[in-house]
Amino acid sequence: AGSLSHEAREAFLSALVSEGRAEWLDKGHKKCLLLWHRIQDWADIILNFVRENGLEDGVTTIEEMRSGIESRGTELHGIDRTILMRALKLLENKGKLAIFKGTSTDDEGVKFSV
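Now for a quick tour of the structure. (Residues numbered from 1 in each chain as written. Predicted model: local features only at pLDDT ≥ 70, side-chain atom pairs only at ≥ 80, totals over all residues. Heavy atoms only, no water.)

**Things to note about the overall build of the protein chain**
Secondary structure summary: the protein chain contains 4 helices and 5 strands in total. In the protein chain, the succession of α and β elements from N to C terminus is α-β-β-α-β-α-α-β-β. In terms of overall dimensions, the protein chain has a C-alpha envelope of 50 × 25 × 25 Å along the principal axes. Split into buried and exposed, the 114 residues of the protein chain put 33% on the buried side. Considering only intrachain contacts with a sequence separation of at least 6, the fraction spanning at least 24 residues in the protein chain is 41%. On the protein chain, roughly 7,000 Å² of surface is accessible, and the fraction owed to carbon and sulfur atoms is 53%. For the protein chain, the separation between the mean place of its 16 positive charges and that of its 19 negative charges on side chains is 4 Å. (Helix = DSSP H or I, 4+ residues; strand = E, 2+ residues; numbered from the N terminus. Buried < 20%, exposed > 50% of the residue type's maximum accessible area, 1.4 Å probe, protein only. Contact = heavy atoms within 4.5 Å. Areas by Shrake-Rupley, 256 points an atom, 1.4 Å probe, with all protein chains shown as cover. Lys, Arg positive; Asp, Glu negative; His and termini not counted. Charge placed at Lys NZ, Arg CZ, Asp CG, Glu CD.)

**Considering the environment of I39**
The residue I39 is located in helix α2 (residues 39–52) in this model. In this structure I39 comes out as buried when scored by relative accessible area, which is 12%.

**What about the side chain of S71?**
Inspection of the secondary structure assignment puts S71 in the loop between α3 (62–67) and α4 (81–93). Reaching out from S71, the side chain makes a polar contact with the backbone oxygen of G68 at a distance of 3.0 Å. Setting aside anything within four residues of it in sequence, one finds S71 in contact with F49, E64, M65, R66 and H77. (Polar contact = N/O pair within 3.5 Å; in protein donor to acceptor, adjacent residues only side chain to side chain.)

Everything listed here is a matter of geometry and, on its own, says nothing about what the molecule does.
Written as structure tokens, this is what we have:
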């Protein structure tokens, strides 16, 4: 297997980025986050999760969404926190939820209004 030149690799990743399937993590385009789902798709998965668990007007924490009992067997289980936060921020911008500081310093809460 041949390895891609830097230019070819960047062109390939740039195409994924333009499709919303990857995001650059740095200005120099050295680090790239590959997305199994686009952030928009993750947002839809979160909304489905919210509806299935009757959280339309509820509150949960980021950690519960990633590792709670409700997330077992769903695509949210074990999701990368960076990706989850981006999807939640997208939903926050659309007025579907509000992110707030949780009781503990490392946990943030989410209040849904779907």
